[in-house]
Amino acid sequence: MSDKKLIIAGVVIFVALIAFPFWFNLGKAAPAPELALTNHAKTANEGKCVMPTDFMKAEHMQLLDTWRHSVVRNAKRTFVNTSGQEFNMSLSNTCLDCHSNKADFCDRCHNYASVRPYCWDCHIDNPKETE
Amino acid sequence: MEDSRRRFLMLAGISAVGLTAKPVLDAFAAEQKQNPKIGLKKGKDALTAKQWGMVIDTRNFESAEDLEPIIEACHKTHNVPSIENKSHEVKWIWEEHFHNAFPGLAQKFLDDRTEHAPFLALCNHCENPPCCRVCPTKATFKRESDGIVLMDFHRCIGCRFCMAACPYGSRSFNFRDPRPFIEETNKSFPTRMKGVVEKCNFCAERLAVGKQPACVEASGGAMVFGDLSDPESEIRELLRTNYTIRRKQSLGTEPSVYYIV
């Protein structure tokens, strides 16, 4: 028990070192990215996406997965949204028709969240060659 | 004393159910509200069939030049790369000699025309496709709605079992990133990536918008596309009135591409 002071000091130093990334980066969190909308995205279909924005933010990957399955496996290529509007289920030809600014729309958020979807290895990322 | 303890436990149990059930029911209610009728359906112009098939009238083709525009139409539409190196080559539709296309039928002494005529080869979209049986991920499958043997490139792991299984050599592997080898990209169709197998898709994406396959359109009537399961279809009429052959029929894969020779 005579080493009590040493042990406590050691534990404090150990905890401080282990927690280094936390206290060092405290308050320095990167701000959430601001996504840019193209003019086309703001005006087409009254500025509404195929589903409400909140849904798209959280669930676009599930939506795209459903689309893929439906198009490839079931030969059903038309999506009917909650207000009865119809859309061609195509990443390049429908999504990117409005969101033709992939770098400022898709990539910003994906980089922030550190996800690397490999959509663009095959799907053309700028089908209309705007920009 | 016994009685009141039992009552206490009963009450406690009932109130626990009451407290926990409401959030669960609320969650179910919310889920139902979240998914009001969204729908997935076919486009209104989509062509439909039970089993798509093709008849190629080879009497219309004299030399390899006659096939070129057809092959080009397909390869341009689908962003098929043109790679010089034969072992890395990718092809969806290509030219074949009679003895290679129909090994069981090549006689020792063939007539001059058959001997030298070019034959178009492509995926046969078999009724009993061996490629689909061997695919470990179900990346390639026979689509029940129209009989097309399709690839889901998202799922392909590049094991190439399907290439070994296909008796027609209809499948190509992307040994390298195909993008640099695509001269002119069709922006409305995806490319492929390194490490996946690809092949003819009977223009599933064109059928979905009411168009005939690109090769059929470019052939000027030498190729006919239609529903093999419909006895009234043009293709069945052609098969009734002409003698046709199929590639490696004895293997039992039931190819859907017929040749008039």
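Everything quoted here is computed from the prediction, not taken from an experiment.

Conventions and cut-offs
- Residues numbered from 1 in each chain as written.
- Chains lettered and ligands numbered in written order.
- Predicted model: local features only at pLDDT ≥ 70, side-chain atom pairs only at ≥ 80, totals over all residues.
- Core = buried A, V, L, I, M, F, W, Y, C linked by C-beta atoms within 7 Å.
- Buried ≥ 20, exposed ≤ 12 C-beta atoms within 10 Å, placed from the backbone.
- Contact = placed C-beta atoms within 7 Å.
- Helix = DSSP H or I, 4+ residues; strand = E, 2+ residues; numbered from the N terminus.
- pLDDT = per-residue confidence, 0-100.
- Pairing = 2+ DSSP bridges.
- Axes fitted to C-alpha atoms, helices over the stretch in contact; angles between N-to-C directions.
- Domains from an automatic or database assignment.
- Expected span 1.5 Å × (residues − 1).
- Nonpolar A, V, L, I, M, F, W, Y, C, P; charged D, E, K, R; others polar.

Here we look at the nonpolar core
Okay, step 1: Counting 63 residues, the largest nonpolar core has B:Ile56, B:Ile70, B:Ile93, B:Leu120, B:Leu122, B:Cys215 and B:Met223 as the members making the most contacts within it.
Okay, step 2: When neighbours within four sequence positions are excluded, B:Cys215 is seen to be in contact with B:Ile70, B:Ala73, B:Cys74, B:Ile93 and B:Met223.

Here's the deal with unusual backbone geometry
Okay, step 1: Here the phi dihedral of A:Ala75 falls at roughly 60°; this positive angle occurs in a residue that is not glycine.
Okay, step 2: Residue position: A:Ala75 is located in the loop between helix 4 (53–74) and strand 1 (78–80).
Okay, step 3: The backbone of B:Phe202 shows a phi angle near 50°, a positive value even though the residue is not glycine.
Okay, step 4: Within the secondary structure, B:Phe202 sits in the loop between strand 8 (197–198) and helix 7 (204–207).

Some points on the confidence of the model for chain A
Okay, step 1: Per-residue confidence for chain A averages 90 on the pLDDT scale, and 97% of its residues sit at or above 70.
Okay, step 2: At the level of individual helices and strands, chain A shows its lowest average pLDDT in helix 3 (residues 39–43) of chain A, which scores 89, and its highest in helix 1 (residues 4–18) of chain A, which scores 95.

Here's the deal with the sheet that holds strand 11 (residues 257–260) of chain B
Okay, step 1: Ordered in space as 9-2-11-10 (chain B), the four strands form an open sheet in which the pairing is mixed. With partners counted over all chains shown, the strands left at the sheet margins are strand 9 (223–227) and strand 10 (244–245) of chain B, one partner each.

Description of the sheet that holds strand 1 of chain A
Okay, step 1: Spatially, 2(A)-1(A)-1(B) is the arrangement adopted by the three strands of the open sheet, whose pairing is antiparallel. Strands with a single pairing partner mark the edges of an open sheet, and in this sheet they are strand 2 (86–88) of chain A together with strand 1 (39–41) of chain B. Ignoring which end each strand starts from, the neighbouring axes of this sheet average 25° apart.
Okay, step 2: Strand direction decides the pairing type here: strand 1 of chain A and strand 1 of chain B, joined by three bridges, are antiparallel. Note on strand 1 of chain B: the bridge partner recorded for A:Val80 is B:Gly39.

A look at the domain arrangement of chain B
Many analyses report the size of an interface as the accessible area lost when the parts associate.
Okay, step 1: With domains assigned, chain B is organised as domain 1 (1–40) and domain 2 (52–260).
Okay, step 2: Put simply, the middle of domain 1 of chain B and the middle of domain 2 of chain B, counted by C-alpha atoms, are 58 Å apart.

Brief notes about helix 1 of chain A
Okay, step 1: Counted at 1.5 Å a residue, the expected span for helix 1 of chain A with its 15 residues is 21 Å, and the 21 Å between its end C-alpha atoms agrees.
Okay, step 2: Across the 15 residues of helix 1 of chain A, zero count as buried, placing the element largely on the outside.

Observations regarding the interface of chain B and chain A
Okay, step 1: Taken together, the 24 residues of chain B in the interface contact 20 residues of chain A.
Okay, step 2: Counting residues per element, the side of chain B that touches chain A draws most heavily on strand 1 of chain B, which supplies three residues.
Okay, step 3: Across the side of chain B that touches chain A, the residue classes tally to nine nonpolar, seven polar and eight charged.

Remarks on the pairing of strand 11 of chain B
Residue and element names in this part refer to chain B.
Okay, step 1: Two strands pair when backbone bridges link them, and strand 2 (residues 52–57) and strand 11 are joined in this way by four bridges, in the parallel orientation. Looking across to strand 11, one finds that Val55 is bridged to Tyr258.
Okay, step 2: Where strand 10 lies against strand 11, two bridges are found, and the strand directions are antiparallel. Across the sheet, Thr244 pairs through a bridge with Ile260, a residue of strand 11.

Some remarks on the environment of A:Gly10
Residue and element names in this part refer to chain A.
Okay, step 1: Tracing the sequence through the fold places Gly10 in helix 1.
Okay, step 2: Among the residues examined, Gly10 registers 11 C-beta atoms within 10 Å and is labelled exposed.
Okay, step 3: For the pair Gly10 and Asn111, spaced 101 residues apart in sequence, the C-alpha to C-alpha distance is 39 Å.

Here's the deal with helix 2 (residues 64–77) of chain B
Residues and elements named next belong to chain B.
Okay, step 1: Under the 1.5 Å per step criterion, the end-to-end length of helix 2 is 20 Å for 14 residues, consistent within 8% with the ideal 20 Å.
Okay, step 2: What helix 2 keeps buried is the set Leu67, Ile70, Ile71, Cys74, His75 and Thr77.
Okay, step 3: Tucked into the core, helix 2 has its buried residues touching strand 3 (93–96), strand 4 (119–122) and helix 8 (214–218).
Okay, step 4: Immediately beyond the C-terminal end of helix 2, within one or two residues, lies Asn79, with a positive phi of roughly 55°.

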